[in-house]
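Fold and contact review
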Amino acid sequence: MKRFIGFVTKEFYHIFRDKRTMFILFGMPMVQIMLFGFAITNEINNVNIAIFDQSKDNETQQIINKISASKYFKIVNQITHEAQIESIFRTGKVKAVLVFEKDFIQNLQNKKTAKVQVITDATDPNIANTITNYINAILQNYSQEINKNVKPVYQIQTQTQLYYNPELKSVFTFVPGVMTVILMLVSAMMTSISITREKEMGTMEVLLVSPIKPFQVVIGKVFPYIFLSIINAAIILLLGVFVFKMPIEGSLFLLALESILFIITALSLGILISTIAQSQQTAMMFSLAGLMLPVIILSGFIFPISSMPLPLQIISNIIPAKWFIIIIKAIMLKGATIHTIWKETLILIGMTILFIAISIKKYKIRLE
């Protein structure tokens, strides 16, 4: 019995001394419960909206103030012309526009009915539905307040208009999201495992001292995955277009360039992971645990980033998938040009350069 107790005690010592094991046992569950607890929500908070007030009377101002006072919406723009609605949606700055009809107060007093139009960006159908329901609830609450001891009652009618996805097809969200997840995991994970395999087998040092230049070794290792990832992207797009009737409103050439840029970003991240990992198992753990959860949860693929706590919103900015999802949705559904998505493109380019620079420093590769 003493031998058994001694053996068990020794195992505890081994576990407690291994930092990676301790992280997996206690760190990962804590990180996951924090992520799932704060990030996974169907509620909306601080959603950017714009106002197009054609009436500009005291009644519409009270409604605007009531919406602005709620935690759900943040008014970031006041539109003065109807033509601005399309352009502001195309930039992605707002998720909804509230339009008050002309002579709102006169219609409410004389006809007992006034209309408010709720125009939403339906590239994400769930968020569009939720926004509409929340605004309807606020307007209904306001109607109850003004109808106290009033007969006949005043009615504020809402009209809903959905931009870019009028049928609220969920596939319009999932095709770009799934494409992003697949490209990120295939490119980053397979690259990191491939390079780490060479390190683990001891052949990386042989390759680095061979006549082939060091940076050519790394490029040679990742080039096949660029080609394979491009094929993956093409297959996903073809299935989306011909099977799920996913539109491509923008330039196909621009979409291809942005996809290749994201693939290169993911590959550079895989190279960076390979500089940290010493074994294939570690590289796989970094790729799966370190990439899959952030890509799915913090990229805006499924859950709205604006509803997350501020620290998670800040962290989401370093997730390349977040910016690629914005780009691909803008091109495919909104017909965006480079003038609209230049900021997101520059962020991806900057991330790629950063990942490569750190990897070069780690491997001590000198480009000639």
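Residues numbered from 1 in each chain as written. Predicted model: local features only at pLDDT ≥ 70, side-chain atom pairs only at ≥ 80, totals over all residues. Heavy atoms only, no water.

1. Regarding the overall build of the chain
Condition: A run of DSSP states H or I qualifies as a helix once it reaches four residues; a run of E qualifies as a strand once it reaches two. Both are numbered from the N-terminal end. Each residue gets one of three labels from its accessible area relative to the maximum for its type: buried under 20%, exposed over 50%, partly exposed in between, using a 1.4 Å probe on protein chains only. Note on definitions: a residue-residue contact is assigned when non-hydrogen atoms from the two residues lie within 4.5 Å.
Broken down by element type, the chain carries 14 helices and five strands. In the chain, which comprises 368 residues, the share counted as buried stands at 45%. In the chain, of all internal contacts separated by at least 6 residues, the share reaching a separation of at least 24 is 77%.

2. Points about the packing of aromatic side chains
To keep things clear, this is the line we draw: Classification of ring pairs rests on two measures: the distance between centres of Phe, Tyr or Trp rings, Trp counted by its six-membered ring, which must be within 6.5 Å, and the angle between planes, read as stacked under 30 degrees, edge-to-face over 60 and tilted in between. In our convention, an over-ring charge means Lys NZ or Arg CZ found within 6 Å of a ring centre and within 35 degrees of that ring's normal.
Counted according to the given criterion, the structure contains six aromatic pairs. Ring geometry for F100 and F104: centres 5.7 Å apart, planes at 85°, overall edge-to-face. Taking relative accessible area as the criterion, F100 reaches 0% and is therefore assigned buried. Each ring, one from Y163 and one from Y164, has its centre 5.7 Å from the other, and the planes form 90°; the classification is edge-to-face. Y164 shares its class with Y163; the two are buried. Joined through ring pairs, the aromatic side chains of F89, Y163 and Y164 make up one cluster. If you follow K322 out to its NZ or CZ, it ends over the ring of W323, 4.5 Å from the centre.

3. What to know about the environment of K245
You can see K245 is positioned in the loop between α9 (214–242) and α10 (252–276). Overall, K245 belongs to the exposed group, its relative accessible area being 56%. Spatially, the C-alpha atoms of K245 and V171 are 9.0 Å apart, while their sequence positions differ by 74 residues. Ignoring sequence-local partners within four residues, the contact set of K245 consists of F172 and G240.

4. Overview of α10
Applied cut-off: Multiply 1.5 Å by the residue count of a helix minus one, and that product is the helix's expected span.
Its 25 residues give α10 an end-to-end C-alpha distance of 37 Å, which sits within 8% of 36 Å, the value for a rise of 1.5 Å per residue. Counting buried positions along α10 gives 18 out of 25 residues, so the element sits mostly inside the fold.

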